[in-house]
Amino acid sequence: GAIWYQGENEGSRGLGEEYKTTFPLMIDTWRKRWSQGDFPFIFVQLAAFRSPTEEPSDPDWARLREAQLYTLKNVPNTGMAVAIDGGLTKNIHPPYKHLVGKRLAAEALRVAYDSEEVSQGPLFRKMSVKDNKAVLRFDSIGSGMMAKSMTLDAYGESPIEVSGKELRGFTIAGEDKVFYPATAVIKRKTIVVESPNVEKPVAVRYGWAEFPICNLYNKEGFAASPFRTDDWAQAN
């Protein structure tokens with residue numbers, strides 16, 4: 001099998017859409033040339049980097065993380081370790097190796113050894129709209145979803161304390177495609193998202209920034225992957 005942690009270069013060059021082709025192609029090429037079948041391929045999704053923000057944005061790094069999530073969902077025998085909570089604002093090579101190692105190991109046990117233990121955080125599955133609220137459903141919620149209290153950029157100059165009293169990191173938009181910070185609440189197996197600025201929700205994004213302040217986890221301790229429900233072209 002293989003473990004892979006790369007993508008910073010493509011993320012910095014705006015190649016997220018191309019990565020949806022090149023990354024799966026690389027995996028397929030390795031498998032074919034080594035004649036080992038669809039051997040396990042486990043990779044790390046890009047960690048947070050640069051300026052922390054909760055304001056709506058659409059950066060290249062978010063698009064690259066989406067390409068990595070796309071690969072997880074579309075290439076067989078792959079696993080992905082989310083590292084959105086393991087980044088530093090000023091270091092592209094963050095020191096949170098234990099976090100990444102544990103999540104890679106959990107995914108390796110699932111992919112290579114058929115473990116049935118939870119090995120991923122919540123993965124967005126579908127969205128529906130009820131009145132002025134967006135209702136999100138997820139896979140890999142384990143024994144339940146939660147907002148986690150934690151410290152981001154803990155090794156940096158200005159650590160960020162995030163409370164576990166509420167979910168952070170969600171934005172929402174209507175037909176005008178303008179995103180606003182949103183309130184998100186866990187209700188059983190769903191998350192309900194809304195904003196007074198959006199009467200008719202069309203799209204929701206989570207962790208959609210270079211360094212998002214976000215804290216959605218399952219109770220097994222795995223962070224949710226950043227995601228978006230829309231397929232809109234990147235904002236200029």
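Above this note sits the structure.
Because the structure is predicted, anything quoted here is derived from the model rather than measured.

Draft legend 1. Looking closely at the overall build of the protein chain. Assigned secondary structure in the protein chain consists of four helices and 17 strands. Here the C-alpha radius of gyration of the protein chain, 17 Å, is about what a compact globule of 236 residues would show, namely 18 Å. The principal-axis extents of the C-alpha atoms in the protein chain amount to approximately 55 × 35 × 35 Å. Residues counted as buried form 50% of the 236 residues belonging to the protein chain. Nonlocal contacts in the protein chain, meaning residues at least 24 apart in sequence, comprise 69% of its contacts between residues at least 6 apart. Accessible area for the protein chain stands at about 11,900 Å²; split by element, carbon and sulfur atoms hold 48% of it. One finds the centroid of the 30 positive side-chain charges in the protein chain at a distance of 4 Å from the centroid of its 30 negative side-chain charges.

Draft legend 2. Seen up close, helix α3 (residues 60-74). When the terminal C-alpha atoms of α3 are compared, their 21 Å separation across 15 residues agrees well with the 21 Å that a helix rising 1.5 Å per residue should span. Of all the 15 residues making up α3, 11 are buried; the element is thus mostly covered by neighbouring parts of the structure. Turning to α3, its buried residues are W61, A62, R63, L64, R65, E66, A67, Q68, L69, T71 and L72.

Draft legend 3. Fine view of the nonpolar core. In terms of nonpolar packing, the biggest core is built from 50 residues, with L136, F138, F170, I191, V193 and L216 touching the most fellow members. In terms of residues, this core owes the most to one element, α3, which gives five residues. Apart from the residues lying within four places of it in its own chain, the contact partners of V193 are N132, K133, A134, L136, F170, I172, A182, T183, A184 and V204.

Draft legend 4. Representation of the sheet that holds strand β10 (residues 170-173) in the model. Here we have four strands laid out as an open sheet, ordered β11-β10-β14-β17, and antiparallel in their pairing. Since the sheet does not close on itself, it has two edges, and those belong to β11 (179-181) and β17 (227-228), each with one partner. Note: β10 against β11, three bridges, orientation antiparallel. Paired with I172 across the bridge in β11 is Y180.

Draft legend 5. How the structure looks around the pairing of strand β4 (residues 78-81). Here β4 shows two buried faces, one formed by T78 and M80 and the other by G79 and A81. Both strand β2 (residues 41-44) and β4 contribute to a ladder of four bridges, which runs parallel. Each bridged residue has a counterpart across the sheet, and for F43 the counterpart in β4 is M80.

Draft legend 6. Spotlight on the packing of aromatic side chains. Tallied over the full model, the rule gives 17 aromatic pairs. Geometrically, the ring pair formed by F23 and F41 is edge-to-face, given 5.9 Å between the ring centres and 70 degrees between the ring planes. Of the two residues, F23 sits in helix α2 (residues 16-34) while F41 sits in strand β2, which places them 18 residues apart along the sequence. Using a relative accessible area of 2% as the deciding quantity, one classes F23 as buried. On the basis of relative accessibility, which here comes to 0%, the residue F41 falls in the buried class. Measuring from centroid to centroid gives 5.2 Å for W30 and W34, while their planes differ by 40 degrees, and the two rings are tilted. Highlighted residues: W30 and W34, both in helix α2, separated by four residues, approximately one helical turn. A residue is classified by how much of its surface remains accessible, and W30, at 26% relative accessible area, is partly exposed. In textbook terms, an aromatic cluster arises when at least three aromatic residues are bridged by ring pairs, as seen for W4, Y19, F23, W30, W34, F39, F41 and F43. When the ring centre of Y70 is taken as origin, the NZ or CZ atom of K20, which lies over that ring, is 5.7 Å away.

Draft legend 7. A look at the packing of α2 against α3. Packing of α2 against α3 leaves a shortest axis separation of 8 Å and a crossing angle of 35 degrees. The way α2 lies across α3 gives a crossing that is right-handed. Counted together, G16, Y19, K20, F23, P24 and I27 of α2 and R63, L64, E66, A67, Q68, Y70 and T71 of α3 form the full contact between these two elements. Of the residues in the contact of α2 with α3, the class split is seven nonpolar, three polar and three charged.

What counts as what
Residues numbered from 1 in each chain as written. Predicted model: local features only at pLDDT ≥ 70, side-chain atom pairs only at ≥ 80, totals over all residues. Heavy atoms only, no water. Helix = DSSP H or I, 4+ residues; strand = E, 2+ residues; numbered from the N terminus. Rg over C-alpha atoms; globule rule 2.2 N^0.38 Å. Buried < 20%, exposed > 50% of the residue type's maximum accessible area, 1.4 Å probe, protein only. Contact = heavy atoms within 4.5 Å. Areas by Shrake-Rupley, 256 points an atom, 1.4 Å probe, with all protein chains shown as cover. Lys, Arg positive; Asp, Glu negative; His and termini not counted. Charge placed at Lys NZ, Arg CZ, Asp CG, Glu CD. Expected span 1.5 Å × (residues − 1). Core = buried A, V, L, I, M, F, W, Y, C linked by side-chain atoms within 4.5 Å. Pairing = 2+ DSSP bridges. Phe/Tyr/Trp six-rings, centres within 6.5 Å; stacked < 30°, edge-to-face > 60°. Lys NZ or Arg CZ within 6 Å of the ring centre and 35° of its normal. Axes fitted to C-alpha atoms, helices over the stretch in contact; angles between N-to-C directions. Left-handed = near helix turned anticlockwise from the far one by under 90°. Nonpolar A, V, L, I, M, F, W, Y, C, P; charged D, E, K, R; others polar.

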